[in-house]
Amino acid sequence: MIICCGEALIDMLPIEIFSKKEQKGTAYQPVSGGAIFNTAIALGRLGAKTGFCGGISTDLFGEQLCQSLSESNVDYSYSYRQEAPTTLSFVKFTDGQASYAFYDENTAGKLFQINNIKEIPADLEAYHFGAISLIQEPCGTSIEELVTSAKDKCVLSFDPNIRTSFITDPDGYRQRINRLLSISDIIKVSDEDLLWLSPETKPEDFAQQQLQQGAAIVLFTEGSQGATVFSKDATLKLESKKVEVKDTIGAGDSFNAGFLSSLSEQGVLSKSKLKNLTEQQLSTALNKANKVAAFTVTQSGAIPPWKEELT
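Figured I'd write up the structure that's included with this text. (Residues numbered from 1 in each chain as written. Predicted model: local features only at pLDDT ≥ 70, side-chain atom pairs only at ≥ 80, totals over all residues. Heavy atoms only, no water.)

### With respect to the environment of Phe129
Inference 1: Note that Phe129 resides in strand E10 (residues 126-130).
Inference 2: C-alpha of Phe129 to C-alpha of Pro160: the two residues are 31 residues apart in sequence and 8.0 Å apart in space.
Inference 3: When neighbours within four sequence positions are excluded, Phe129 is seen to be in contact with Cys5, Ile36, Leu134, Ile143, Val147, Leu156, Ser157, Phe158, Asp159, Leu180 and Ser184. (Helix = DSSP H or I, 4+ residues; strand = E, 2+ residues; numbered from the N terminus. Contact = heavy atoms within 4.5 Å.)

Encoded structure:
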């Protein structure tokens, strides 16, 4: 099983309203989302045994999130339901690229604590974590404590997924990220993430730093320019599939799901086996990650493919 630990929220996607030929304004459609949530949804649809761990409200948006998880075969019983509002993220698109404004005061996700977590299953292969859930408190500290306690028991897959508008303490947040980088087995950063984390560092240098301190795999994504995977024995780069992009919401999250599900299918999603992957195993995982992300960007909102939709 792969358990995704982090935020579940509602993306408010803009929809233009027209009356005959005249544009009348903008409405917003509530869509289930959140980076870690999106990865869980994608994993479930790809056939991986998947759980979601986080704070989910009992309000109507929380019910929507739970329904979305259930419909994609994700077990959300590891989450904690409480009477606090759901985080809302209002989305703005510029040339297909999304930016976000978050409304997150006293929400169920933000208030999630480690003592809310039920017993973790014995067949746990990996925790996947990151994104804005590491910024919020007490949620951030709780997830850091959870994955740190499991660092010798299962694979840790970390995607910082930086959202600068959400960060109130840059120095403290960088320290947390660095602590988590030091214990993670799989690390995925985008070009935008690296620009914020360490603007003077080249991707290959960043990857080597992480490999030297214990990571087995480092993934570097550059949107339409493709992705590169680094291990101690190989460096592979793959160009993105050429598709008609509707928006980029959930692209990186789906990429994570494709990569993790491929490793699980190949029987190599373990701390010992990750250290000795062949180029073919890495290539297989990178290709699947690329296909899953490419499908997602052809959809409006974070809508990853079902297993049978991949070509």
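### Considering the sheet that holds strand E6 (residues 74-75)
Inference 1: Taken together, the nine strands give an open sheet; going across it, the order is E6-E4-E1-E10-E11-E12-E13-E14-E15, and neighbouring strands pair in mixed fashion. Sheet topology places E6 and strand E15 (235-238) at the edges, where each strand pairs with a single neighbour.
Inference 2: Where strand E1 (residues 2-5) meets E10, four bridges bridge the pair, whose relative direction is parallel. Among the inter-strand pairings, Cys4 is bridged to a residue of E10, identified as His128. (Pairing = 2+ DSSP bridges.)

### Focus on the pairing of E1
Inference 1: Burial along E1 is two-sided: the face carrying Ile2 and Cys4 and the face carrying Ile3 and Cys5 are both buried.
Inference 2: Pairing of E1 with strand E4 (residues 50-53), which is carried by four bridges, proceeds in the parallel orientation. Opposite Ile3, over in E4, you have Gly51 as the bridge partner. (Buried < 20%, exposed > 50% of the residue type's maximum accessible area, 1.4 Å probe, protein only.)

### Notes on the packing of helix H3 (residues 139-149) against helix H4 (residues 170-181)
The geometry of a pair of packed helices is captured by two quantities: the angle between their axes and the separation between those axes.
Inference 1: Contact pair H3 / H4: the axes reach a minimum separation of 11 Å and the direction vectors enclose 15°. Comparing the axis directions of H3 and H4 gives the class roughly parallel. Read as a crossing pair, H3 and H4 show a hand that is left-handed. From H3, Gly140, Thr141, Glu144 and Val147 reach across to H4, where they touch Arg176, Arg179 and Leu180.
Inference 2: Split into classes, the residues belonging to the contact of H3 with H4 amount to two nonpolar, two polar and three charged. (Axes fitted to C-alpha atoms, helices over the stretch in contact; angles between N-to-C directions. Parallel < 35°, antiparallel > 145°, perpendicular 65-115°, else oblique. Left-handed = near helix turned anticlockwise from the far one by under 90°. Nonpolar A, V, L, I, M, F, W, Y, C, P; charged D, E, K, R; others polar.)

### Quick look at empty space enclosed by the protein
Inference 1: Per the stated rule, a full pass over the model turns up one cavity of 30 Å³ or more.
Inference 2: Volume-wise, the largest cavity comes out at about 30 Å³.
Inference 3: Looking at the largest cavity, the residues that line it are Ala216, Ser231, Lys232, Asp233, Leu274, Lys275, Asn276 and Leu277.
Inference 4: Class assignment of the residues belonging to the lining of the largest cavity gives a composition of three nonpolar, two polar and three charged. (1 Å grid on protein atoms, 1.4 Å probe; cavity = no way out; pocket = protein on both sides within 12 Å on 5 of 7 lines; lining within 4 Å. Points joined across faces, edges and corners; volume = space filled by probe spheres on them.)

### With respect to unusual backbone geometry
Inference 1: Here the amide bond leading from Glu137 into Pro138 is cis, since omega sits at 10°, within 30 degrees of zero.
Inference 2: You can see Pro138 is positioned in the loop between E10 and H3.
Inference 3: In this structure, Asn73 takes a positive phi of about 65° despite not being glycine.
Inference 4: Phi angles above zero are rare outside glycine, and Asn106 is one such case at about 55°.
Inference 5: Tracing the sequence through the fold places Asn106 in the loop between strand E9 (97-103) and E10.

### Description of the packing of helix H1 (residues 35-45) against helix H7 (residues 251-265)
Inference 1: Taken N-terminus to C-terminus, the directions of H1 and H7 make an angle of 45°; their axes are 8 Å apart at the nearest point. As the angle between them shows, H1 and H7 are arranged oblique. For the crossing formed where H1 meets H7, the hand is right-handed. For the pair H1 and H7, contact is made by Ala35, Asn38, Thr39, Ala42 and Leu43 and by Asp253, Ser254, Asn256, Ala257, Leu260 and Ser261, respectively.
Inference 2: Of the residues assigned to the contact of H1 with H7, the class counts are five nonpolar, five polar and one charged.

Fair warning: the whole summary comes from geometry, so function is off the table for now.
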